[in-house]
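# Structural features, examined
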Amino acid sequence: MIHPSAKIHPAALVEEGAIIGEEVVIGPFCIVEGSVEIKARTLLKSHVVVRGDTIIGEDNEIYQFASIGEVNQDLKYKGEATKTIIGNANRIREHVTIHRGTIQGGGITRIGNNNLLMINVHVAHDCQIKNNCILANNATLAGHVELDDFVIVGGMSAIHQFVVVGAHVMLGGGSMVSQDVPPYVMAQGNHARPFGVNLEGLKRRGFDKPTMHAIRNVYKMIYRSGKTLDEVMPEIEQIAETDSAISFFTDFFKRSTRGIIR
């Protein structure tokens, strides 16, 4: 079903069965398979390929030569019915690749809202990217990676499969991330190491001084107290009961399985 207000270039191929929302624009030489749904006001500039069981939300801009919903590179994948779901107001730049999920990983590769994926970014199967993230040129996410809100991944960085990156993290360019990164941390290197709290990012997002002070104190508990995580977690949990910003730490550690960067 194609909404009457949608604009589809004569040189584009939109298969029967595709659902194209109001004011969607599909440029020349795009290919949209019949199992795809594209919601209102999303723009496919040109040469974009959207395949599989894929839903793209509203107000997205997708640039030329992006590939979305393609068969993943997991050798266990045998053509099972899995999905790619993209939210609203994302900018997906040239040559970005986003692969569909696997049944072993929950079946869905998901990208939230207001994210910027720069040139040549790769998002592998079953990744979960939340909202307001920036992935710079050539950033690569292996399968099952989780990025929480407001994560920035520097250019030429790579993140190992199953890694969890907490909210408001800043990963410097060229980082090789093989373990989980707690919220609010700045990290860089091969392998990535922590270099303090992302205070500048927190200031830009309106965090007040008492909250940033509390975050920095938790960082010191984790990295400078000489104690194990098991030893400091009760105190972190106690602080989180009265400070919602610290609850990001407790939520993160519930999901962390690979150990944290050190």
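Computed from a prediction, not measured in an experiment: that's the story for all the values here.

## Remarks on the overall build of the protein chain
Scanning the protein chain for helices and strands turns up four helices and 28 strands. Taking 18 Å as the expected radius of gyration for a compact globule of 262 residues, we find that the protein chain reaches 20 Å, a close match to that expectation. By principal-axis analysis of the C-alpha atoms, the protein chain measures approximately 65 × 40 × 30 Å. Out of the 262 residues in the protein chain, the part that is buried amounts to 49%. Looking at the protein chain alone, contacts between residues at least 24 apart form 30% of all its contacts between residues at least 6 apart. In the form shown here, the protein chain has an accessible surface area of approximately 12100 Å², with 52% of it arising from carbon and sulfur atoms. Looking at charge distribution, the protein chain has the averaged site of its 26 positive side-chain charges lying 7 Å from that of its 28 negative ones.

## Re the domain arrangement of the protein chain
Domains assigned within the protein chain are domain 1 (7-198) and domain 2 (201-254). Computed over C-alpha atoms only, the centres of domain 1 and domain 2 are separated by 29 Å. Summed over both partners, the interface of domain 1 with domain 2 comes to about 1400 Å²; 71% of that surface belongs to carbon and sulfur atoms. Summed over the shared surface of domain 1 and domain 2, the number is zero salt bridges. The dominant element in the side of domain 1 that touches domain 2, judged by the number of residues it contributes, is strand β28 (residues 192-197), at four residues.

The rules behind these values
Residues numbered from 1 in each chain as written. Predicted model: local features only at pLDDT ≥ 70, side-chain atom pairs only at ≥ 80, totals over all residues. Heavy atoms only, no water. Helix = DSSP H or I, 4+ residues; strand = E, 2+ residues; numbered from the N terminus. Rg over C-alpha atoms; globule rule 2.2 N^0.38 Å. Buried < 20%, exposed > 50% of the residue type's maximum accessible area, 1.4 Å probe, protein only. Contact = heavy atoms within 4.5 Å. Areas by Shrake-Rupley, 256 points an atom, 1.4 Å probe, with all protein chains shown as cover. Lys, Arg positive; Asp, Glu negative; His and termini not counted. Charge placed at Lys NZ, Arg CZ, Asp CG, Glu CD. Domains from an automatic or database assignment. Buried area = accessible area lost by both parts, 1.4 Å probe. Salt bridge = Lys/Arg side-chain N within 4 Å of Asp/Glu carboxyl O.

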